[in-house]
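Reading the structure
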Amino acid sequence: MPRSAESADQPLGKFMRRRFGKELVENLIEPIFSGLYGGDIDRMSLASTFPAFYQIEQKHRSLIAGVKKDDSLNADSFTTTSEGIFQTFENGMQTLIDALEKALADCTILKGVKVDKIRREQDKALLHLNNDSDLLVDEVIFALPHEKIQPLFESSGLLGNLKEMPSTSVATVSVAFSGDAIDSSAANGMGFVVSRNSDFTITKCLAMHTKWPVHVPAGKMLFKAFVGRTGDEAVVDLSDREIERMVLEDLRKAIPISGEPDFTIVTPLE
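What you see as residue numbers is a count from 1 along each chain, following the sequence as written. pLDDT decides what is reported in this predicted model: residues at 70 or higher carry local features, side-chain atom pairs at 80 or more are listed and counted, and totals for whole chains, interfaces and linings draw on all residues regardless. To get the side-chain values, take all heavy atoms of the structure and skip hydrogens and water.

1. A word on the overall build of the chain
When you go through the chain residue by residue, the secondary structure sums to nine helices and eight strands. By its C-alpha atoms, the chain is 60 × 55 × 40 Å across when sized along the principal axes. Using a 1.4 Å probe on the protein chains alone, a residue whose accessible area is under 20% of its type maximum counts as buried, one over 50% counts as exposed, and one in between counts as partly exposed. Buried positions account for 30% of the 270 residues belonging to the chain. The contact rule is simple, with two residues in contact once any of their heavy atoms fall within 4.5 Å. For the chain, long-range pairs separated by at least 24 residues make up 54% of all intrachain contacts whose partners lie at least 6 apart in sequence. Charge centroids of the chain, computed over 30 positive and 40 negative side chains, lie 6 Å from each other. Under the scheme used here, helices are H or I runs from DSSP no shorter than 4 residues and strands are E runs no shorter than 2 residues, and both carry numbers assigned from the N terminus. Here Asp and Glu are counted as negative and Lys and Arg as positive; His is not counted, and neither are the chain ends. To locate a charge, take NZ of a lysine, CZ of an arginine, CG of an aspartate or CD of a glutamate.

In structure tokens form, the structure reads like this:
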């Protein structure tokens, strides 16, 4: 294939279809990349997601040959070791938050408090909190989804364009089993992704007992299934019981399961 003639940015989906064809994109690339970003690959920016793909193509013409020749991409770094390639804290991500709080000094940390309104007060910002108190501050840093930030500035006529920014509603379903309820042939799998043209409700599934075994008791298996994606979000609005039923049905089609789950937990992700 020749190099892209476009010097400007282009959709990730368009680039991948041109390089690898429709079938590979639909059945492998789209499920993986949509799972990573939770969005539509035909609206994702190539320059913002995988700029190295464009650079390799321009330099080597062939992506596959370019990856093999690129010294910065060492295949050994992707090889699974006895420790595994996925790492996390033994006591979960809260470990990081606890360490940050411990390191902070000369400050006040408020938890379980929401900012309802924000307005300018001369050269400062006045925050109105949902505990009916006000907080006057010099600066504000937001670490929120865009749909949560926009309403705070609506009365000031700011950030209105954020209303047009698309987002996807997703839910996860954690399903736990005893080890003897699942055939040993599935014991070491990391998980799987699902293409849009399948009859599955699940979009992807992670085997948590394989990726992070420290979080799962010995003799148990824990799967985290994802439902909902761009253009197919209605499933997230169903009852937890119905979502659980659909996910378990899909798991039984994908994995040799003979028993019932120990528990299931449905968690919406915004």
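Now that the structure has been shown, we can carry on.
2. Points about the pairing of strand 1 (residues 115-121)
Any two strands with at least two DSSP bridges between them are considered paired. Here six bridges tie strand 1 to strand 2 (residues 124-129), and the two strands are oriented antiparallel to one another. Within the sheet, the bridge partner assigned to Lys 117 lies in strand 2 and is His 128.

3. Considerations on a nonpolar patch on the surface
Patch membership is restricted to residues that have no salt bridge and whose relative accessible area is over 30%. Joining uses 9 Å for like charges and 5 Å for the nonpolar side chains Val, Leu, Ile, Met, Phe, Trp and Tyr. Areas reported here follow the Shrake-Rupley algorithm with a probe of radius 1.4 Å; residue values treat only the protein chains shown as occluding. One speaks of a salt bridge when a side-chain nitrogen belonging to Lys or Arg is within 4 Å of a carboxyl oxygen belonging to Asp or Glu. Taken together, the side chains of Phe 20, Leu 24, Leu 28, Ile 32, Leu 36, Tyr 37, Ile 64 and Val 193 define a hydrophobic patch exposed on the protein surface, amounting to about 690 Å² of accessible area. Top contributing element to the nonpolar patch by residue count: helix 2 (residues 22-37), with five residues.

4. Examining the sheet that holds strand 2
What the three strands build is an open sheet, ordered 1-2-3; its pairing is antiparallel. With one partner strand each, in any of the chains shown, strand 1 and strand 3 (134-137) form the two edges of the open sheet. With strand direction ignored, the average angle separating the axes of adjacent strands in the sheet is 20°. With axes taken as lines fitted to C-alpha atoms, and helix axes fitted only over the stretch in contact, angles between N-to-C directions fall between 0 and 180 degrees.

5. Side note on the packing of helix 1 (residues 12-20) against helix 4 (residues 51-60)
Relative placement of two packed helices is described by the angle separating their axes and the distance separating the axes. It is the contact of helix 1 with helix 4, at a shortest axis distance of 11 Å, that shows an interaxial angle of 40°. Judged on the interaxial angle alone, helix 4 and helix 1 are oblique. Here helix 1 and helix 4 pass one another in a crossing that is left-handed. Judged by residue contacts, Phe 15, Met 16, Arg 18 and Arg 19 of helix 1 engage Phe 53, Tyr 54 and Glu 57 from helix 4. Residue composition of the contact of helix 1 with helix 4, grouped by class: four nonpolar, no polar and three charged. Every angle not falling under 35 degrees, over 145, or within 65 to 115 is termed oblique; those three ranges are roughly parallel, roughly antiparallel and roughly perpendicular. Two helices cross in a left-handed way if the nearer one is turned anticlockwise from the farther one by less than a right angle. They cross in a right-handed way if the turn is clockwise. Under the scheme applied here, ten amino acids are nonpolar (Ala, Val, Leu, Ile, Met, Phe, Trp, Tyr, Cys and Pro), four are charged (Asp, Glu, Lys and Arg), and all others, including Gly, are polar.

6. So, the packing of aromatic side chains
Pairing of aromatic side chains requires ring centres within 6.5 Å, counting the rings of Phe and Tyr and the six-membered ring of Trp. Pairs whose planes differ by under 30 degrees are stacked, by over 60 edge-to-face, and all others tilted. Applying the stated criterion across every chain yields a total of four aromatic pairs. Geometrically, the ring pair formed by Phe 33 and Phe 50 is stacked, given 4.6 Å between the ring centres and 25° between the ring planes. Placement of the pair is Phe 33 in helix 2 and Phe 50 in the loop between helix 3 (46-49) and helix 4, with a sequence separation of 17 residues. Taken together, a centroid distance of 5.6 Å and an interplanar angle of 70° make the contact between Phe 142 and Phe 153 edge-to-face. You can see Phe 142 sitting in the loop between strand 3 and helix 7 (146-153) and its partner Phe 153 sitting in helix 7, a full eleven residues away along the chain. By relative accessible area, Phe 142 is classed as partly exposed at 29%. For Phe 153, a relative accessible area of 16% puts it in the buried group. An aromatic cluster is defined as three or more aromatic residues linked by ring pairs; in this entry it consists of Phe 33, Phe 50 and Phe 53. Each ring is checked for a lysine NZ or an arginine CZ that lies within 6 Å of its centre and within 35 degrees of its normal; such an atom marks a charge sitting over the ring. A cation over a ring is seen here: Lys 204 above Phe 226, with NZ or CZ 4.5 Å from the ring centre. One cation-aromatic arrangement involves Lys 253 over Phe 200; the distance from NZ or CZ to the ring centre is 4.6 Å.

That's the geometry; what it means functionally is another story.
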